Amino acid sequence: LQLVESGGGLVQPGGSLRLSCAASGFTFSGNAMRWYRQAPGKGRELVAGITRDGGYTDYADFVKGRFTISRDNAKNTVYLQMNSLKPEDTAVYYCYCPQWNYWGQGTQVTVSS
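Worth saying up front: this structure is predicted, and the values here are computed from it rather than measured. (Residues numbered from 1 in each chain as written. Predicted model: local features only at pLDDT ≥ 70, side-chain atom pairs only at ≥ 80, totals over all residues. Heavy atoms only, no water.)

A short note on the pairing of strand 11 (residues 107-111)
Part 1 of the argument: By the alternation rule, side chains of strand 11 split into T107, V109 and V111, which are all buried, and Q108 and T110, of which none is buried.
Part 2 of the argument: Looking at chain direction, strand 2 (residues 9-11) and strand 11 are connected through three bridges and run parallel. What sits directly across from V11, in strand 11, is V111. (Buried < 20%, exposed > 50% of the residue type's maximum accessible area, 1.4 Å probe, protein only. Helix = DSSP H or I, 4+ residues; strand = E, 2+ residues; numbered from the N terminus. Pairing = 2+ DSSP bridges.)

Here it is in structure tokens:
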């Protein structure tokens, strides 16, 4: 089983990034997926989740209206579109499969001018 995140980087406040998480080794379309993040010195926190078919999504209050989670089951990939980024969004972002309790390695997002 493997989850590989990509798309992180340095962006100015107000900017956008799109994270991707490529899955392999399990039936991706049969699993809900989540994005978490962990800022320096803080615990890991849930950012967004999506059901197996993408029909239902949920977001933490601090990203509602700015972030969008989506998935492409044909590509075994889940995405996190992040708009209107703030310095407090700086963190390592992780992809997570709850059914398998499996984490990706994370991708760093830094929001700074």
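Regarding the pairing of strand 5 (residues 44-50)
Part 1 of the argument: As judged from the six bridges shared by strand 4 (residues 33-38) and strand 5, these two strands associate in the antiparallel manner. Residue pairing across strands places M33 opposite I50, the latter belonging to strand 5.
Part 2 of the argument: Between strand 4 and strand 5, which follow one another and run antiparallel, lie five residues, and G41 among them has a positive phi close to 75 degrees.
Part 3 of the argument: Relative to strand 6 (residues 57-59), strand 5 runs antiparallel, the two sharing three bridges. Bridge pairing links G49 to D58 in strand 6.

Some details on the environment of T110
Part 1 of the argument: Along the chain, T110 turns up in strand 11.
Part 2 of the argument: Exposure remark for T110: the relative accessible area of 26% places this residue in the partly exposed category.
Part 3 of the argument: Sequence-wise, T110 and G8 are 102 residues apart; in three dimensions their C-alpha atoms are separated by 7.9 Å.
Part 4 of the argument: Aside from chain neighbours lying at most four places away, what touches T110 is G9, L10, V11 and T90.
Part 5 of the argument: For T110, the side chain forms a polar contact with the side chain of Q108, separated by 3.3 Å. (Contact = heavy atoms within 4.5 Å. Polar contact = N/O pair within 3.5 Å; in protein donor to acceptor, adjacent residues only side chain to side chain.)

A closer look at the packing of aromatic side chains
Part 1 of the argument: Counted by the stated rule, this structure contains five aromatic pairs.
Part 2 of the argument: For the ring pair Y36 and Y96, a centre distance of 5.6 Å and an interplane angle of 90 degrees mean the geometry is edge-to-face. With Y36 in strand 4 and Y96 in strand 9 (residues 91-97), the pair connects residues that are 60 residues apart, well separated along the chain.
Part 3 of the argument: Clustering of aromatic rings is evident, with ring pairs tying together Y36, Y94, Y96 and W103.
Part 4 of the argument: In this arrangement the basic side chain of R18 is found over the ring face of Y79, its NZ or CZ atom lying 3.9 Å from the centre.
Part 5 of the argument: Directly above the aromatic system of Y94 lies the positively charged group of R44, at a separation of 3.8 Å from the ring centroid. (Phe/Tyr/Trp six-rings, centres within 6.5 Å; stacked < 30°, edge-to-face > 60°. Lys NZ or Arg CZ within 6 Å of the ring centre and 35° of its normal.)

Notes on a nonpolar patch on the surface
Part 1 of the argument: There is a patch of nonpolar side chains on the surface, built from L1, W100 and Y102 and spanning about 290 Å² of accessible area.
Part 2 of the argument: Relative to the helices and strands, W100 is located in the loop between strand 9 and strand 10 (102-103).
Part 3 of the argument: We classify W100 as partly exposed; its relative accessible area is 48%. (Patch = residues over 30% accessible without salt bridge, like charges linked within 9 Å, V, L, I, M, F, W, Y side chains within 5 Å. Areas by Shrake-Rupley, 256 points an atom, 1.4 Å probe, with all protein chains shown as cover. Salt bridge = Lys/Arg side-chain N within 4 Å of Asp/Glu carboxyl O.)

A look at the nonpolar core
Part 1 of the argument: Among the nonpolar cores identified, the biggest contains 29 residues, and M33, W35, V78, L80, M82 and Y93 are the most heavily contacted of them.
Part 2 of the argument: Only strand 3 (17-24), strand 4, strand 5, strand 7 (67-72), strand 8 (77-82), strand 9 and strand 11 provide two or more residues apiece to this core. (Core = buried A, V, L, I, M, F, W, Y, C linked by side-chain atoms within 4.5 Å.)

As for the sheet that holds strand 3
Part 1 of the argument: Reading across from one edge, 1-3-8-7 is the order of the four strands in this open sheet, with antiparallel pairing throughout. Edge strands, defined here as strands with exactly one partner in the open sheet, are strand 1 (2-6) and strand 7. Each adjacent strand pair in this sheet contributes to an overall mean axis angle of 15 degrees, direction not counted.
Part 2 of the argument: Strand direction decides the pairing type here: strand 3 and strand 8, joined by six bridges, are antiparallel. In the strand pairing of strand 8, A22 is matched with T77. (Axes fitted to C-alpha atoms, helices over the stretch in contact; angles between N-to-C directions.)

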